[in-house]
There are 4 protein chains.
Amino acid sequence: MATETGLAARGVIPPLVTPLDEHGDVDRRSLERLVSFQLEAGVDGVFVGGSTGEIALLDGEQRRAVVEVAVGTVAGAVPVLAGAVATGTRPVIEHARQAARLGADAVVVTGPFYVQPHPDEIVTHFQRVRDALDVPVVAYDIPSAVGTRLTPEVVSTLAEARLAVAVKDSSGDIAAFREILRRTGPAFPALTGSELFADTALELGAAGVVPGLGNVDPHGFVRLHRAVADGDVRAARAEQERLARLFTITTVADRARIGVTAGAVGALKAALALRGVLDHPAANPPLLPLDESETRAVADLLTEQGLLGS
Amino acid sequence: MATETGLAARGVIPPLVTPLDEHGDVDRRSLERLVSFQLEAGVDGVFVGGSTGEIALLDGEQRRAVVEVAVGTVAGAVPVLAGAVATGTRPVIEHARQAARLGADAVVVTGPFYVQPHPDEIVTHFQRVRDALDVPVVAYDIPSAVGTRLTPEVVSTLAEARLAVAVKDSSGDIAAFREILRRTGPAFPALTGSELFADTALELGAAGVVPGLGNVDPHGFVRLHRAVADGDVRAARAEQERLARLFTITTVADRARIGVTAGAVGALKAALALRGVLDHPAANPPLLPLDESETRAVADLLTEQGLLGS
Amino acid sequence: MATETGLAARGVIPPLVTPLDEHGDVDRRSLERLVSFQLEAGVDGVFVGGSTGEIALLDGEQRRAVVEVAVGTVAGAVPVLAGAVATGTRPVIEHARQAARLGADAVVVTGPFYVQPHPDEIVTHFQRVRDALDVPVVAYDIPSAVGTRLTPEVVSTLAEARLAVAVKDSSGDIAAFREILRRTGPAFPALTGSELFADTALELGAAGVVPGLGNVDPHGFVRLHRAVADGDVRAARAEQERLARLFTITTVADRARIGVTAGAVGALKAALALRGVLDHPAANPPLLPLDESETRAVADLLTEQGLLGS
Amino acid sequence: MATETGLAARGVIPPLVTPLDEHGDVDRRSLERLVSFQLEAGVDGVFVGGSTGEIALLDGEQRRAVVEVAVGTVAGAVPVLAGAVATGTRPVIEHARQAARLGADAVVVTGPFYVQPHPDEIVTHFQRVRDALDVPVVAYDIPSAVGTRLTPEVVSTLAEARLAVAVKDSSGDIAAFREILRRTGPAFPALTGSELFADTALELGAAGVVPGLGNVDPHGFVRLHRAVADGDVRAARAEQERLARLFTITTVADRARIGVTAGAVGALKAALALRGVLDHPAANPPLLPLDESETRAVADLLTEQGLLGS
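Residues numbered from 1 in each chain as written. Chains lettered and ligands numbered in written order. Predicted model: local features only at pLDDT ≥ 70, side-chain atom pairs only at ≥ 80, totals over all residues. Heavy atoms only, no water.

Colleague: What am I meant to see in the overall build of chain A here?
Modeller: A tally of regular secondary structure across chain A gives 12 helices and eight strands. A principal-axis box enclosing the C-alpha atoms of chain A has dimensions of 55 × 45 × 40 Å. Looking at chain A as a whole, 62% of its 310 residues qualify as buried. For chain A, the proportion of contacts with a sequence separation of at least 24, taken over those separated by at least 6, is 74%. Approximately 10,700 Å² of chain A is accessible, and the part contributed by carbon and sulfur atoms is 49%. Averaging the locations of the 28 positively and 39 negatively charged side chains of chain A gives two centres separated by 2 Å. (Helix = DSSP H or I, 4+ residues; strand = E, 2+ residues; numbered from the N terminus. Buried < 20%, exposed > 50% of the residue type's maximum accessible area, 1.4 Å probe, protein only. Contact = heavy atoms within 4.5 Å. Areas by Shrake-Rupley, 256 points an atom, 1.4 Å probe, with all protein chains shown as cover. Lys, Arg positive; Asp, Glu negative; His and termini not counted. Charge placed at Lys NZ, Arg CZ, Asp CG, Glu CD.)

Colleague: Can you walk me through the side chain of D27(B) in this structure?
Modeller: Residue and element names in this part refer to chain B. Its location among the elements puts D27 in the loop between β1 (11–12) and α1 (28–41). For D27, which is buried and forms no salt bridge, the nearest opposite charge comes from R33, at a distance of 5.4 Å. Separated by 2.6 Å, the side chains of D27 and S30 make a polar contact. Here D27 is in contact with P19, L20, D21, D279 and H280, once residues within four sequence places are set aside. (Salt bridge = Lys/Arg side-chain N within 4 Å of Asp/Glu carboxyl O. Polar contact = N/O pair within 3.5 Å; in protein donor to acceptor, adjacent residues only side chain to side chain.)

Colleague: Looking at this structure, I do not really get the relation of the copies chain B and chain A. What am I missing?
Modeller: Mapping between the two chain copies consists of a rotation about an axis together with a translation along that axis. Rotating chain B by 180° and moving it 0.0 Å along the rotation axis overlays it on chain A with an RMSD of 0.0 Å. Such values leave the two copies arranged in the relation of a two-fold axis. Taking C-alpha positions as reference, the residue of chain B nearest the rotation axis is G147(B), located at 3.9 Å. With an isologous cut-off of 70% or more, the 100% of interface residues of chain B that recur at the interface of chain A puts this contact in the isologous class. (Least-squares fit on C-alpha atoms with pLDDT ≥ 70 in both.)

Colleague: Looking at this structure, how should I read the side chain of E121(C)?
Modeller: Topologically, E121(C) is positioned in helix α4 (residues 119–132). Comment: no salt bridge for buried E121(C); closest opposite-charge side chain is R257(D), at 7.6 Å. A distance of 3.3 Å separates the side chain of E121(C) from the backbone nitrogen of G259(D), its partner in a polar contact.

Colleague: Which parts of the structure should I look at to understand the packing of helix α3 (residues 89–101) of chain A against helix α4 (residues 119–132) of chain A?
Modeller: Two quantities define a packed helix pair, namely the angle between the helix axes and the distance between the axes. Residue and element names in this part refer to chain A. One can describe the packing of α3 onto α4 by two numbers: an axis separation of 10 Å at closest approach and a directional angle of 35°. In this structure, α3 crosses over α4, and the sense of that crossing is right-handed. The residues of α4 that touch α3, namely those facing T89, V92, I93 and R97, are H125, R128, V129 and A132. Among the residues forming the contact of α3 with α4, the class breakdown is four nonpolar, two polar and two charged. (Axes fitted to C-alpha atoms, helices over the stretch in contact; angles between N-to-C directions. Left-handed = near helix turned anticlockwise from the far one by under 90°. Nonpolar A, V, L, I, M, F, W, Y, C, P; charged D, E, K, R; others polar.)

Colleague: Looking at this structure, I do not really get the UniProt feature "binding site: pyruvate" (unreviewed entry) in chain A. What am I missing?
Modeller: All names here are of chain A. When the UniProt feature table is mapped to this numbering, "binding site: pyruvate" (unreviewed entry) covers T52 and V210. Taken along the chain, the residues just named run across 159 residues; in space they keep tight, none of their C-alpha pairs more than 10.2 Å apart. Of note, T52 is situated in the loop between β2 (46–48) and α2 (60–74). Residue contacts for T52: discarding those within four places in its chain leaves P15, L16, V17, G212, N215, V265 and L268. With respect to the helices and strands, the residue V210 is situated in the loop between β8 (208–209) and α9 (218–229). On the accessibility criterion, V210 (3% relative accessible area) is buried. Not counting chain neighbours up to four residues away, the residues in contact with V210 comprise I13, P15, F47, K168, L191, T192 and G193. (UniProt positions renumbered as here; feature names shortened; annotations may be inferred.)

Colleague: How do you make sense of the pairing of strand β5 (residues 137–141) of chain C when you look at a structure like this?
Modeller: Residue and element names in this part refer to chain C. The buried count for β5 comes to five of five residues, which makes it a mostly enclosed element. Sheet topology places strand β4 (residues 106–110) next to β5; four bridges connect them, and they run parallel. Considered in β5, the bridge of T110 is made with Y140. Regarding the hand of the β-α-β motif, the stretch spanning β4, α4 and β5 is right-handed. (Pairing = 2+ DSSP bridges. Right-handed = clockwise from strand over helix to strand, strands pointing away.)

Colleague: What is the right way to look at the interface of chain B and chain A in this model?
Modeller: Where the parts come together, the accessible area they lose is often given as the size of the interface. Every contact between the two is made by 50 residues of chain B and, on the other side, 50 residues of chain A. A combined buried area of about 3,700 Å² lies between chain B and chain A, and 58% of that area is made up of carbon and sulfur atoms. Contact with chain A buries surface across chain B, with R90(B), Y114(B) and E121(B) losing the most and accounting together for 24% of the total. Counting every contact that joins chain B to chain A gives four salt bridges. Salt-bridge contacts for D59(B) lead to R90(A); the nearest nitrogen and oxygen are separated by 2.9 Å. For the side of chain B that touches chain A, the element with the most residues is helix α4 (residues 119–132) of chain B, which contributes five residues. Residues belonging to the side of chain B that touches chain A are distributed by class as follows: 23 nonpolar, 17 polar and 10 charged. (Buried area = accessible area lost by both parts, 1.4 Å probe.)

Colleague: Looking at this structure, I do not really get the relation of the copies chain D and chain A. What am I missing?
Modeller: Mapping chain D onto chain A calls for a rotation angle of 180° and an axial translation of 0.0 Å; the resulting RMSD is 0.0 Å. Here 100% of the interface residues in chain D have copies in chain A that are interface residues too; the copies meet face to matching face.

Colleague: Mind showing me how you'd approach the pattern of salt bridges here?
Modeller: If the charged atoms of two oppositely charged side chains come close together, the side chains can form a pair. For the coordinates displayed, the defined rule picks out 88 salt bridges over all chains. A salt bridge links E203(C) to R237(C), with the shortest nitrogen-to-oxygen separation between them at 3.3 Å. Remark: R237(C) occurs in helix α10 (residues 233–247) and E203(C) occurs in helix α8 (residues 198–204); sequence separation between them is 34 residues. Residue classification places E203(C) among the partly exposed residues on the basis of a relative accessible area of 24%. Three or more residues are tied together by salt bridges with common partners; here these are R178(A), E179(A), R182(A), R183(A), D199(D), E203(D), R237(D) and E241(D).

Colleague: Can you walk me through unusual backbone geometry in this structure?
Modeller: Leave glycine aside and you will find that most residues have negative phi; peptide bonds, for their part, are mostly trans. The step from P285(A) to P286(A) runs through a cis peptide bond, and the omega angle for that step is 10°. The phi angle at R162(C) is positive, at roughly 55°, despite the residue not being glycine. Within the fold, R162(C) resides in the loop between α6 (152–160) and β6 (166–169).

Colleague: When you look at the UniProt feature "active site" (unreviewed entry) in chain A in this model, what are you seeing that I'm missing?
Modeller: Residue and element names in this part refer to chain A. The positions UniProt marks with the feature "active site" (unreviewed entry) are Y140 and K168. Their sequence span is 29 residues, while the largest C-alpha to C-alpha distance among them is just 4.8 Å; these annotated residues converge on one region. The residue Y140 is located in strand β5 (residues 137–141) in this model. For Y140, a relative accessible area of 1% gives the class buried. Structurally, K168 is set in strand β6 (residues 166–169). Beyond its immediate sequence surroundings of up to four residues, K168 is in contact with F47, V138, A139, Y140, D141, L191, G193 and V210.

Colleague: Please explain the interface of chain D and chain A as it appears in this structure.
Modeller: Across the contact, 15 residues belong to chain D and 15 residues belong to chain A. A combined buried area of about 1,300 Å² lies between chain D and chain A, and 48% of that area is made up of carbon and sulfur atoms. The three residues of chain D that bury the most area against chain A are I174(D), R178(D) and R182(D), which together make up 37% of that side's buried surface. Summed over the shared surface of chain D and chain A, the number is six salt bridges. Across the salt bridge formed by E241(A) and R178(D), the nearest N and O atoms sit 3.8 Å from each other. At the boundary of chain D and chain A, one finds six residue pairs in polar contact (both at pLDDT 80 or more).

Colleague: Whenever I open this one, the pairing of β5(A) confuses me. Can you help?
Modeller: Residues in a regular strand project their side chains so that they alternate between the two faces of the sheet. Residue and element names in this part refer to chain A. Neither face of β5 is open: one carries V137, A139 and D141, the other V138 and Y140, and all of them are buried. Relative to β6, β5 runs parallel, the two being bridged by four bridges. When the sheet's bridge partners are listed, A139 is paired in β6 with V167.

Colleague: Would you mind going over helix α9 (residues 218–229) of chain B with me for this structure?
Modeller: Side chains three or four residues apart in an α-helix point the same way, a direct result of the helix having 3.6 residues per turn. All names here are of chain B. The end-to-end C-alpha separation of α9 is 16 Å, in line with the 16 Å expected for 12 residues at 1.5 Å each. Among the residues of α9, P218, G220, F221, V222, L224, H225, A227 and V228 are the ones counted as buried. Buried residues in α9 make contact with β1, α1, α8 (198–204), β8 (208–209) and α10 (233–247). Positive phi shows up at G231, right after α9, with a value of about 75°. (Expected span 1.5 Å × (residues − 1).)

Given below as structure tokens:
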């Protein structure tokens, strides 16, 4: 059974992309550079194997590699969260145990999907997962991916029964997020997955942010987080507006040609390659790559924001 | 690369439930009994590790066990199809290779999920899967589980490029199914996953049926299939109506209490336990079990249909 | 209170488009020609003010005009059904009363929309509508437009309590349609709105078809209906396949440019203009028109089917 | 053509419920009392015939009555907004013209529904509506009711082309709301329909709030609005938390028994009847009423908040 003490789920915890080499395997050197880039920027944790990390597309070897490299490179400086995203309870436990063995400080778990669960079955899922593990569980609400919600009622049940130590909310539903904050209180950290209202979420009591865009501009999110902590609403707002502008890189891709996931993940990887952090911008199959003009649009936005030397 | 000759994807191919013992492991003896029960009823194939087989909830050991037992018990009498259902291309290939090594005659593969793919990315997914395998691929359209469709256009692309050797359609969309039949022609078997319009689908040209209810009453589906083959529309209709009535076992569970998947899979397992085929009706966590009155309702429907000795 | 005797809701009952003149008003002369064209083809009824008739886009004067012209032109030859489609009970009653006053033989009514009703509230809606009217009510299931279903359970409640005299099913869900047939029996006519499985629906017991494509090719649907009535499954299938091919006119429009409704209604109107039945192909605002190349694609399909002199 | 000068779409503008008498007609006296209650509380405008006002369920006479009474009772003290909600362009123009004739200061208009419009058709809709009217148009985004979004891109097109003078956002999507604020700027008032993040929306630049709960506790929203205007974030937050608690009256109804709309509107009306503002809590058919225990739960919450004398 997990002891939930010890996990500092707070601050800026970017969900890292999974760099790949020309063979489609995890590019360990690029991932090390990415982790170092994040640590130098002052992030408070890293999250590997999340949606941004293409968790749905990684095979067993890739899943292993990203945790290994992250744990090794971070070397205890900040917590390493690892996605244990799978359709059901038993596969989640398999993935979570491997992540724990490799040194992850916590695992991040969605409700079951592919199946259509009742809310009580979602709670049962977390109960079983928690009972099988020695590592803390962060509950992950991402309805766009799994098709069901972790409602505020479910999340507060998880919090009260100590089946999860924190929640990551990628629902985009600020009313529900506030309801979670209201029901669970400050002892249960609530993290927002939003790049677009990170400032607001933090001002309302979010313990931290898990922004995919943090891969590309961790300094921006660190500044944003600090501004809120300092009570400087104006600075936070300005930083947020800048990041919202930068976030448009994730929608430059032509949706008539490639999917939403490919466009967003591809843009983050393209930006990191342009910034010299990754060697290759490739994503896992079947995601199609950005084309040349889309990549140029990403570069232009980076340049505009001073993130690319001219 | 797969050679698609040799797979007879036709007739009645029930997607088998996954029997569990009191520890939650695969109950090999019950699964052997279930396979034998199916073969004695005259089915034309069996499909393990499908949605009805709780594929989303099985861990690696369970996935392995169901293929092993099915292949061993079937002993070449009919084709064994195995689900290689996973969120992305690489994990699908991992699962499919294991199933092939264990002797499955074909693997059944959905489009990617959790991610939001473009149709071209779905085709790419099947291209990559097919290139990596020596076993034929059956494309599986189940939008209620994966959230996207294999449109008739995508399916006909898969057929033309020989990326799949057949399609299993669980969309419930008969207009789209006919469009698939129209576009792909008789050389590309189209199987329906419907328990409720199996007769119609067969009359329209479906090569076979993959009915979850076939677990409980394979004889009924074998009779239905034969009636259509014999051109006896009236007998087919009568059998279909009887099966539609029997299918109401899958909706006796109270949806205010347990989920749709739990109610349907739980009813099939309860019915098989009542009929003496399975030792236990348990489903994998987090699915909650039928309660006593729901199980009684299943028993009553079986009795009404003469499937349970009084 | 309505007496439901006397409505023959059976056979081919096309949902007529609403022809407009250059000012956007109802083009009465074109509508008269369209009705005559239908009667000469041998249809068993006409339905004005349905979804195909742009009911959602018609103002009060237009709603009035279409019923007036249809009733006048039909002159008792066949029943005239009129859509009384509105968001709530009271507005439905307003529209239905006007249609009845103008001579409609029945009104066609959906469940409430914009609001989110409970199934019992849907039944209450039909109860109130029926109590307020002297004209029979046909229940209309079109979830793509109203967002909720008339489930088989709701429809059988309406049938048993005689709150509706028939149902028009545009759900595309053949399993539910069969469940309705099973629950309500032959005394309660069930009409399918499908162009793509009209043959199947009729063979399964549908009392009739309400095909938008019937505007363009009523002769085809009359032949299809007769073939099924004669038990000539082969002829029915051949006719259905031809009509399915013709139905592709409704999807030639570029969805990146205009909406689904505009593309489908626009194609029917363009085809009727090409065939000389309508003077203008215009649809109501805000629907955008087909462009030249889309109209040419419609013409080509008509020519291919022998519906346009060369 | 409308002149958009002159509409002060800002501050607290509650969307009023439509009080009914025992015959189901508009209870003019209760509506007068409701309007007076609002004015005394210091609201900045009233909105009749919105979703909360059961616009979808009102017949022509009721629509007329609510505007008449509101305009008469307000007597110019604040702007009166009137919903011109209908499925299509022409019916919207009909409703809007009547509202304008009766003295409404602006009309509130959604995108077309029942049909499935392209974004360009939504813009065309507002263009046509605006061209036909002499009264300003407020664009209304309420996807839960109409099924499509007014995207930030569409809203900014409406703003730039002066096709609307303001937007009411009931999407619940704060990221999109901020994008609207970013794109349109302060000259184009954006109002939030949220009861649950009114404070946040105002702090981010919303010009006002349109809260259904404002019917019951206008004083609370007036205090909230003033607190934000005064820069007193803490007071705003406390008031917001109190209102969020009070808002739970809208979810006390049993959803297994009545619909979401019935439960929410019924609770607001029950609360107003309990507070002595309305004579009857009845809603239009087909909405079913709260039962006794649900009404008691509403009363308890009012008492807890000091809104009901003990």
